[in-house]
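Examination of the molecular architecture
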Amino acid sequence: MAIAYFGDPSMNLLLFQTQAGDPYPILEIVSRPEPGFAKGSGRWSRIKKGVYQTYRRLMDRVDYHERLCSQLRHSTDLQVVHPSNIDSTEAQDRLRDFLRFCYRKHSRWVGIDAFLAIVIGIPLMPLPGPNIFFFYPAARTLGHYLARKGAQHALNCDKLSFHSEPLIDQVQNHLQDLKTVQDILTGLVEHYQLPDLERLLIPLGKK
């Protein structure tokens, strides 16, 4: 299955919703290149590399939408696919509400985790051994910073297109029993490059 890479001209984002009616976007899978700040051999470079390595280890355990927002910072052409029972204007409003919420949430947590890293972790830096009191909150600061940056980037994106997809409606109506729409799920996975789609939808059927 093809995987999108950062810098590709477009990324697919499917717009589902929770049973409470809240937006639940799912993004086409993308690769994770090594950032420039994680390279080098000096003391400061080693600290940044340690923060980034901790961030990478934690990435698969954090909230899915934090990772989604982080990936959005690389999007240059975002193609939003929404249910056919709403029009493009409503889909755009729902997505923007979601992104604004994420921006505010991650802005708040950037400050909290940065404060913990500075107040608790930095005083322990001279001690030998791994300083989890610094690297964990520093990595979470990085995660929230990248998610906030991605949400802001998507809000300011000028290449944003919307189109409806009736298959989303059919899946949305069977969230509590996805086995009945396996063929439809397979079609969405193959067409929009979403190998984790079923796994990501399972929690929606439990809420």
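Rules used in this analysis
- Residues numbered from 1 in each chain as written.
- Predicted model: local features only at pLDDT ≥ 70, side-chain atom pairs only at ≥ 80, totals over all residues.
- Heavy atoms only, no water.
- Buried < 20%, exposed > 50% of the residue type's maximum accessible area, 1.4 Å probe, protein only.
- Helix = DSSP H or I, 4+ residues; strand = E, 2+ residues; numbered from the N terminus.
- Arc of directions from axis to C-beta.
- Contact = heavy atoms within 4.5 Å.
- Phe/Tyr/Trp six-rings, centres within 6.5 Å; stacked < 30°, edge-to-face > 60°.
- Patch = residues over 30% accessible without salt bridge, like charges linked within 9 Å, V, L, I, M, F, W, Y side chains within 5 Å.
- Areas by Shrake-Rupley, 256 points an atom, 1.4 Å probe, with all protein chains shown as cover.
- Salt bridge = Lys/Arg side-chain N within 4 Å of Asp/Glu carboxyl O.
- Axes fitted to C-alpha atoms, helices over the stretch in contact; angles between N-to-C directions.
- Parallel < 35°, antiparallel > 145°, perpendicular 65-115°, else oblique.
- Nonpolar A, V, L, I, M, F, W, Y, C, P; charged D, E, K, R; others polar.

**Points about helix H6 (residues 182-192)**
Considered for burial, the residues of H6 that qualify are Ile184, Leu185, Leu188, Val189 and Tyr192. Seen along its axis, H6 keeps its buried residues to an arc of 135°; they face one direction. The exposed set on the far side of H6, more than 90 degrees from its buried face, consists of Asp183, Glu190 and His191. Packing partners of the buried residues in H6 comprise strand E1 (11-17), strand E3 (78-82), strand E4 (160-164), helix H5 (166-172) and helix H7 (197-201). One or two steps after H6, the chain reaches Gln193, where phi turns positive at roughly 55°.

**Concerning the packing of aromatic side chains**
Counted by the stated rule, this structure contains two aromatic pairs. Each ring, one from Tyr52 and one from Tyr55, has its centre 5.9 Å from the other, and the planes form 40°; the classification is tilted. Residue Tyr52 and its partner Tyr55 are both found in helix H1 (residues 43-59); the two are separated by three residues, about one turn of the helix. No difference in accessibility class separates Tyr52 from Tyr55, as the two residues are buried. Aromatic pair Phe134 and Phe135: ring centres 5.2 Å apart, planes at 75°, arrangement edge-to-face.

**What about a nonpolar patch on the surface?**
A cluster of nonpolar side chains, contributed by Trp109, Ile112, Phe115, Leu116, Ile118, Val119, Ile120, Ile122, Ile132 and Phe133, occupies part of the molecular surface with about 930 Å² of accessible area. Within the residue set of the nonpolar patch, elements represented by two or more residues are helix H3 (88-121) and helix H4 (132-155). Examining the composition of the nonpolar patch, we find that seven residues originate from one element, H3, more than from any other. When you line up the elements, Phe133 lands in helix H4.

**Focus: the packing of H1 against H4**
Interhelical geometry of H1 versus H4 gives an angle of 75° and a closest axis separation of 8 Å. With respect to their mutual orientation, H1 and H4 come out roughly perpendicular. Here Ile47, Gly50, Val51, Tyr52, Thr54, Tyr55 and Leu58 of H1 lie close against H4, whose contacting residues are Phe134, Phe135, Tyr136, Ala138, Ala139, Arg140, Leu142, Gly143 and Leu146. Among the residues forming the contact of H1 with H4, the class breakdown is twelve nonpolar, three polar and one charged.

**Describing the packing of helix H2 (residues 64-72) against H3**
Direction vectors running N to C along H2 and H3 enclose 100°, while the axes themselves pass 11 Å from each other. Here H2 lies roughly perpendicular to H3, going by the angle between them. Seen from H2, the contacting residues are His65, Glu66, Leu68, Cys69 and Leu72; seen from H3, they are Phe98, Leu99, Cys102 and His106. Tallied by class, residues from the contact of H2 with H3 come to six nonpolar, two polar and one charged.

**Topic: the environment of Pro83**
Checked against the element boundaries, Pro83 lands in the loop between E3 and H3. Its relative accessible area of 10% is what places Pro83 among the buried residues. Separated by 67 residues in sequence, Pro83 and Phe16 place their C-alpha atoms 7.4 Å apart. The contacts of Pro83, once residues within four sequence positions are left out, are Leu15, Ser164, Glu165, Ile168 and Asp169.

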